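# Secondary and tertiary structure notes
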Amino acid sequence: MRILLVTPPLTQLNTPYPATPYLAGYLSKQGVDVFQQDLGIELIDRLFTADMLTTIFESVDEASVTSHTDAKILALRSRYVSTIEPVVRFLRSNDLTLANRIGKRGFLPEGDRFRHIADLEFLFGDLGVVDRAKHLSTLYIEDISDFIRRNVSPHFELIRYAESLCIALPTFDSLKAMVDGVPNLIDRLIVDTFSDYFNEVKPDVVGYTIPFPGNLYAALACAKWLKQNYSNVKVLMGGGYVSTELRDLADPRLFEYIDYLLYDDGEISILRLLEYLEGNRGEDSLVRTSFLKDGAIVNVSNALLDVPGGERPAPLYSQLPIGKYLDMVETANPMLKLWSDGRWNKLILAHGCYWAKCAFCDVTLDYIKRFEPYDATAIVDMMENVMGQTGQSGFHFVDEAAPPALLKKISLEIIRRGLTVSWWANVRFERSFTRDLCLLMARAGCIAVSGGLEVASDRLLALMSKGVDIKQTAKVTSAFSSAGILVHAYLMYGFPSETTQETIDSLEVVRQLFEQKLIQSAFWHRFAMTVHSPAGCNPEKYGAKFLSNKKNPFANNEIFFTDNADTDLEMLGEGLRKATYNYMHSIGFEKNVVTWFDGKVPQTKVPPTLVAGCLVTVKNEHFPDSGTLVWLADGYQLLLTDSRRPKLHIFNQSKVVEVIFRLEEIGFWEDFFLLLEEKGYFIGVEEVKALAKAHLDSGVEAISASKVWKSLRKNGLAIV
Ligand code: SF4
């Protein structure tokens, strides 16, 4: 049986979404004939061409265009048509020399998006001509996208399609009406792009992954075409949106378009379903699958069946058109740029979250609650495998919270193999991220981390069981930043019982974190209570009360509630965003935080030195009881020619540090460096202790008090 796995439009433009590569990797290892289509990037590939732009401009009735913006774009249509293909080539990094022309302005037509352009020299001065040109090209593509949305398809956005139709859908009525309605030009292009590949592959089964609401409509439009033209083809749907919002689906009309809904991890569910469709299994052996039987929705669970971590092969990226993805630069902020710029290979390090306690998180769902870390060696094998498939050495570990113990092992393995890779991950700001672990991670290629600080208030962090506090966050972000790792903070406002005072204080903590250069970017989310979170299961515990308890027949996710907080969330949200936008550009640290808000808010009660005060470091450390010593410096030289002044040189790029040490330590340091080389630059603490005991009367404490040791710890010897 042949299966086609599709990511419907739209997700990211710069790199593939990992769901279908993971499923395809597993299914292909099981001998299934599997194909993939990233329908989003294929849509963009067809849309942003001279021919298609011409069609789009011709489809718009000029006489009906009233806005000055659209009239201007129509007047400049020939400029858009002549530049679109060169710009797409440039954004695919196939023609980087064009950066010089784009960067000078005057080459690209400029619509509304350029009106608010910040000072380019200020923003991109340090980043260079290519990033500046990518930014201008991004604005140009966004102008075209806005034009399409206003005049051709109200659903079109660059990283989602028809999301506003599919967010918070209590009933299927409005979405069904749109799917059954008259398709617009973009709807038709989506279905044509899908059907062309479908006819090439001729699968027996088509599976759509729906990670977000903004992928649902396009999937249903294609599924409708399948039911009308190939009713024998079985259609299934799964992914994050299905597993989160459609668990309690009661409306059977969705099954007019699809045959099966699959929940949680799809590997075993799809394999079982294919075996069932081939007649090799009974219906009762399906896994976490819903379908329609005699007019009623049936759910077969077999919930515990899953692929053990060790049996998961590398994701299959080679079936996707890596060369078609586009680098978009919306902002000069180096951390925010990572989300839209670069072909990051996405990998998963563990199933679930090792913490799984936060009150606002979907911890009752399998993808969070079932924690199973994968083997570090197997992950680094996967990294090598995926690099071979895509030719790209950058990785985004997409776990909700990457476990520090596993990141340590992976970093050691990357260094041991001498791999040159870059990677970034989501983490919790927890104490295990010591200065040394951060240095090790940086040496292994970690360039950035993102983590939840949520509401920067110790009362609320405790109430939501986040397991971190402000002091710890300051220390951990300091460890990352001083290792050269960029830090992004996820922030939240509007948590039940949160007062305006706490929101203002939270912003003041964030201001101080930016000012101390401990974080480089941040984003405020308005708190949403979801049915699968501890807060949604037990609102009273958090001082909240449901406005309604009724289950929806279609999607169930956000629950509306009241609490006693007297906050104006609109006004607060606006001020928080304004302040943080400025902080991300290193502007406005001197301003009192209350000045960012349009309404009346109280002065902060947070002392101005709160964050700085958390960063006091301990100077003298004891030799550790356990762990591994890892050599991170570039080189060393022991100079023993002057018998009265033995010296050690430590080399780091252009820096050389010289330390003179005591005569009685000569034997120890000679053997220490011999052992270090012998062991591949990793030594157990116990081995160093034994060495010290053999050479020095006072053992290892004499070593940890020595000048050489202090210098090594400062310049390239980590203990993890
Ligand atoms: S918010 Fe993050 S750390 Fe907290 S339980 Fe969810 S995934 Fe884990």
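Residues numbered from 1 in each chain as written. Predicted model: local features only at pLDDT ≥ 70, side-chain atom pairs only at ≥ 80, totals over all residues.

## Considering the overall build of the protein
- Assigned secondary structure in the protein consists of 29 helices and 27 strands.
- Relative to its length of 720 residues, the protein is compact, with a C-alpha radius of gyration of 28 Å against a globular reference of 27 Å.
- Its C-alpha atoms put the protein at 90 × 65 × 60 Å along the principal axes.
- The buried share among the 720 residues of the protein stands at 45%.
- Contacts in the protein between residues far apart in sequence, at least 24 positions, make up 75% of those at least 6 positions apart. (Helix = DSSP H or I, 4+ residues; strand = E, 2+ residues; numbered from the N terminus. Rg over C-alpha atoms; globule rule 2.2 N^0.38 Å. Buried ≥ 20, exposed ≤ 12 C-beta atoms within 10 Å, placed from the backbone. Contact = placed C-beta atoms within 7 Å.)

## Considering the sheet that holds strand β23 (residues 635-639)
- One open sheet accounts for three strands, arranged β23-β24-β25; its pairing is antiparallel. With partners counted over all chains shown, the strands left at the sheet margins are β23 and β25 (655-660), one partner each. Each neighbouring strand pair of the sheet contributes to a mean axis angle of 15 degrees, computed without reference to strand direction.
- Both β23 and strand β24 (residues 647-652) contribute to a ladder of five bridges, which runs antiparallel. Bridging across to β24, Leu638 finds its partner in Leu648. (Pairing = 2+ DSSP bridges. Axes fitted to C-alpha atoms, helices over the stretch in contact; angles between N-to-C directions.)

## As for the site of the ligand
- Within the structure, the ligand sits among Cys353, Trp355, Ala356, Lys357, Cys358, Cys361, Val363, Ile368, Glu400, Ala401, Arg428 and Gly452.
- The class makeup of the residues in the shell around the ligand is eight nonpolar, one polar and three charged. (Near = placed C-beta within 6 Å. Nonpolar A, V, L, I, M, F, W, Y, C, P; charged D, E, K, R; others polar.)

## Looking at the pairing of strand β1 (residues 2-7)
- Within β1, five of the six residues are buried, which leaves it mostly tucked inside the rest of the structure.
- Examined bridge by bridge, β1 and strand β2 (residues 33-38) share six bridges and lie parallel to one another. Following the sheet pairing, Leu4 is matched in β2 by Phe35.
- Relative to strand β5 (residues 205-209), β1 runs parallel, the two sharing four bridges. Pairing of Leu4 across the sheet is with Val206, part of β5.

## A look at the domain arrangement of the protein
- Parsing the protein into structural domains produces domain 1 (1-40 + 160-308), domain 2 (61-151), domain 3 (343-529 + 568-613) and domain 4 (628-719).
- Placing the centre of domain 2 and that of domain 4 at their C-alpha centroids yields a distance of 56 Å. (Domains from an automatic or database assignment.)

## Quick notes on the sheet that holds strand β22 (residues 628-631)
- Taken in spatial order, the three strands of this open sheet run β26-β22-β27, and their pairing is antiparallel. Of all the strands in the sheet, just β26 (682-684) and β27 (717-719) have a single pairing partner and so form its edges. Between one strand axis and the next, the sheet turns through 25 degrees on average, direction left out of account.
- Direction of pairing for β22 relative to β27: antiparallel, over a ladder of three bridges. Bridging across to β27, Val630 finds its partner in Ala718.

## Side note on the nonpolar core
- With 209 residues, the main nonpolar core has Ile190, Tyr217, Ala219, Ala223, Ile258, Leu261 and Ile485 as its most contacted residues.
- With residues up to four places along the chain from it excluded, the contact list for Ile485 reads Cys438, Met441, Ala442, Cys446, Ile447, Ala448, Val449 and Phe480. (Core = buried A, V, L, I, M, F, W, Y, C linked by C-beta atoms within 7 Å.)

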